[in-house]
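# An overview of the molecular structure
Letter by letter, the chains look like this.
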Amino acid sequence: MIAKTPEQTMEYAEKYAKTLRAGDVVLLKGEMGAGKTVFVKGLAKGLGIEDEITSPTYAYMNDYDGVLYHYDCYRLKNGAQAEALGLTDYFFAGGICVIEWSENIADVLPENCKTVMIRKLDANTREIVAE
Ligand SMILES: Nc1ncnc2c1ncn2[C@@H]1O[C@H](COP(=O)(O)OP(=O)(O)OP(=O)(O)O)[C@@H](O)[C@H]1O
Ligand SMILES: [Mg+2]
């Protein structure tokens, strides 16, 4: 789909959330500033989470009551580091995991992940492809 505003990205993510099941791991792909964190805000809303979603860049992962685990692996070097920090345990904890910069921990991702790709077309336009 094409989102012309951050709000449209969030609305799409809110609907996408309804297609997810407990235990799903979603890899969010897209360059810096593509809108991955914006997407997670809508996703959380769709899951009934009322907390404010903030980027977990420094914490690596934010846990929203075991319902949603929001990762930002930008600062992780590899999967072993994620494992050492205990971050991989949550892949099997029964919540939904959504991961920014999963490329950095590709070697420890579970099988059967879902992927959402966000591509910047111009300042406010994004192409979003979910597979
Ligand atoms: N259609 C759109 N959808 C999503 N974000 C948009 C859109 N148009 C403009 N933006 C802006 O793009 C930025 C996206 O920022 P966001 O933090 O979500 O990116 P990100 O992909 O998570 O980046 P990072 O890799 O640094 O974590 C926001 O400032 C947002 O307002
Ligand atoms: Mg982000």
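Residues numbered from 1 in each chain as written. Chains lettered and ligands numbered in written order. Predicted model: local features only at pLDDT ≥ 70, side-chain atom pairs only at ≥ 80, totals over all residues.

So, on to the overall build of the protein chain. Looking only at helices and strands, the protein chain features three helices and seven strands. What you see in the protein chain, going N to C, is helices and strands ordered as β-α-β-α-β-β-α-β-β-β. Taking 131 residues into account, the globule formula puts the C-alpha radius of gyration at 14 Å, and the protein chain, at 14 Å, falls close to it. The dimensions of the protein chain, computed from C-alpha atoms along their principal axes, are 40 × 30 × 25 Å. For the protein chain, buried positions account for 31% of its 131 residues. Sequence-distant contacts in the protein chain: of pairs separated by 6 or more residues, those separated by 24 or more amount to 69%. (Helix = DSSP H or I, 4+ residues; strand = E, 2+ residues; numbered from the N terminus. Rg over C-alpha atoms; globule rule 2.2 N^0.38 Å. Buried ≥ 20, exposed ≤ 12 C-beta atoms within 10 Å, placed from the backbone. Contact = placed C-beta atoms within 7 Å.)

Before going further, it helps to spend a moment on the sheet that holds strand β4 (residues 68-72). Working definition: the strands of a sheet are paired by backbone hydrogen bonds and lie parallel or antiparallel to each other. With mixed pairing, seven strands are arranged side by side in an open sheet as β1-β7-β6-β2-β5-β4-β3. Both outer strands of the open sheet, β1 (2-3) and β3 (61-64), are each paired with one neighbouring strand and no more. Two elements, β1 and strand β7 (residues 125-130), share two bridges in a ladder whose sense is antiparallel. Bridged to Ile2 within β7 is Glu127. In the packing of helix α1 (residues 6-17) onto the sheet, the strands contacted are β1 and β7, and the crossing angle to β7 comes to about 10°. Of the strands in this sheet, β2 (25-29), β3, β4, β5 (96-100) and β6 (114-122) are in contact with helix α2 (residues 36-46), which crosses β5 at around 165°. (Pairing = 2+ DSSP bridges. Axes fitted to C-alpha atoms, helices over the stretch in contact; angles between N-to-C directions.)

Counting buried residues in β4 gives five out of five residues, a clear majority hidden from the surface. The alternating pattern of β4 places Leu68, His70 and Asp72 on one face and Tyr69 and Tyr71 on the opposite face, and all of these are buried. Here four bridges tie β3 to β4, and the two strands are oriented antiparallel to one another. Across the sheet, Met61 pairs through a bridge with Tyr71, a residue of β4.

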